[in-house]
Amino acid sequence: MRKKIVAGNWKMNLDYQEGLTLFSEVINMVKDEATGSQQVVVCSPFIHLHSLAQLVKGYTNVAVGAQNAHQAESGAYTGEISAKQIKSVGAEYVILGHSERRQYFGESNELLAKKTDTALANGLLPIFCIGETLQQREANEHFDIIKSQLAEGVFHLDADAFGKIVLAYEPVWAIGTGVTATSDQAQEIHAFIRQELAAKYSQQVADDTTILYGGSCNPKNAAELFACADIDGGLIGGASLKSRDFTDIVKAFN
Ligand code: PGA
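Residues numbered from 1 in each chain as written. Predicted model: local features only at pLDDT ≥ 70, side-chain atom pairs only at ≥ 80, totals over all residues. Heavy atoms only, no water.

### Here's the deal with the nonpolar core
One broad rule of soluble globular proteins: the nonpolar side chains tend to lie buried together. Counting residues in hydrophobic clusters, the biggest one holds 65 residues, and the most contacted among them are F23, F162, L167, I193, Y213 and F226. When residues of this core are assigned to their parent elements, the largest contribution, 6 residues, is made by helix α1 (residues 16-30). When near neighbours in sequence (up to four residues on either side) are disregarded, I193 contacts I130, I146, L150, L167, Y169 and I211. V41, C43, Y93 and C129 belong to the second largest nonpolar core, which has 13 residues in total. (Core = buried A, V, L, I, M, F, W, Y, C linked by side-chain atoms within 4.5 Å. Buried < 20%, exposed > 50% of the residue type's maximum accessible area, 1.4 Å probe, protein only. Helix = DSSP H or I, 4+ residues; strand = E, 2+ residues; numbered from the N terminus. Contact = heavy atoms within 4.5 Å.)

Here it is as structure tokens:
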């Protein structure tokens, strides 16, 4: 059975102490909520990772992750952080291909394919983001965009390696805008993604892949989104910065 995941993406928010305080609250609130195959992941800025990883020791259903990693193993890349470094502080996940990285840092599918390989080679589990812009949706290109992001970003992986990937469908027009995809819109794309996975790999791989929805997910709309057959949880931005809201989203599974 595929994992159900609620992942927080703090983005470039919270100083060190604020992050620790928020995370302690979150752990206290969610430790008894996430059960069985359900997992809570918090993707923090790099500066928090080591301390957060210490705090999750002993909680099997809570993990931490980074929001980016460099494609090279190591070297002269001033200011960058490698997958190996992230793994070495106890993080388990890394978000790759977030639309903000694609948009502001020019990350292409080709680059993201390399980042994915390096992350996997170092034992990190990628949360690989895909999604169309408003313009692309209005031009009715959303299925083609999703298809090429998958084909160029992750379909070079063999089935074993692909089995470690979590996908996140995040329509760019819904991120941080307060506009959520309707559950029908989200489910339609999630079902399409699963169909693509079945065609590329197998029905088994398609059934086993966790596909998250992201984009203005909040305590009010989470239950309806998570109830959709092909939506296995959420990637939460703004609402992950408030322990109560984030916990309510985790509880929306139950
Ligand atoms: P949001 O962000 O929940 O604030 O819309 C989601 C994301 O960017 O992962």
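The structure having been displayed, the exposition proceeds.
### Concerning the pairing of strand β1 (residues 4-9)
Burial runs high along β1: 5 of the 6 residues are buried. Sheet topology note: the β1/strand β2 (residues 38-43) ladder contains 6 bridges and is parallel. Directly across from V6, in β2, lies its bridge partner V40. Bridge count between β1 and strand β8 (residues 233-236): 4 bridges; the pairing is parallel. Counterpart to I5 in the pairing with β8 is G233. (Pairing = 2+ DSSP bridges.)

### Describing the UniProt feature "binding site: substrate" (unreviewed entry) in the chain
Taken from the UniProt record, the annotation "binding site: substrate" (unreviewed entry) applies to N9, W10, K11, G176, S216, G237 and G238. Spanning 230 residues, the annotated positions come together in the fold, the maximum distance between their C-alpha atoms being 14.0 Å. Checking the named residues against the largest pocket, the ones that line it are N9 and K11. Within the fold, N9 resides in strand β1. Residue N9 is classed as buried on the basis of its relative accessible area of 4%. Discounting residues that sit within four places of it in the chain, N9 has contacts with C43, Q67, I95, H98, L235, I236, G237 and S240. A polar atom in the side chain of N9 sits 3.1 Å from the backbone nitrogen of K11. Here S216 shows up in the loop between β7 (211-214) and α11 (222-226). Residue classification places S216 among the buried residues on the basis of a relative accessible area of 18%. Those residues in contact with S216, other than ones at most four positions away along the chain, are A174, G176, T177, G178, V179, T180 and N221. In terms of polar contacts, S216 uses its side chain to reach the backbone carbonyl oxygen of A174, at 2.7 Å. (UniProt positions renumbered as here; feature names shortened; annotations may be inferred. 1 Å grid on protein atoms, 1.4 Å probe; cavity = no way out; pocket = protein on both sides within 12 Å on 5 of 7 lines; lining within 4 Å. Polar contact = N/O pair within 3.5 Å; in protein donor to acceptor, adjacent residues only side chain to side chain.)

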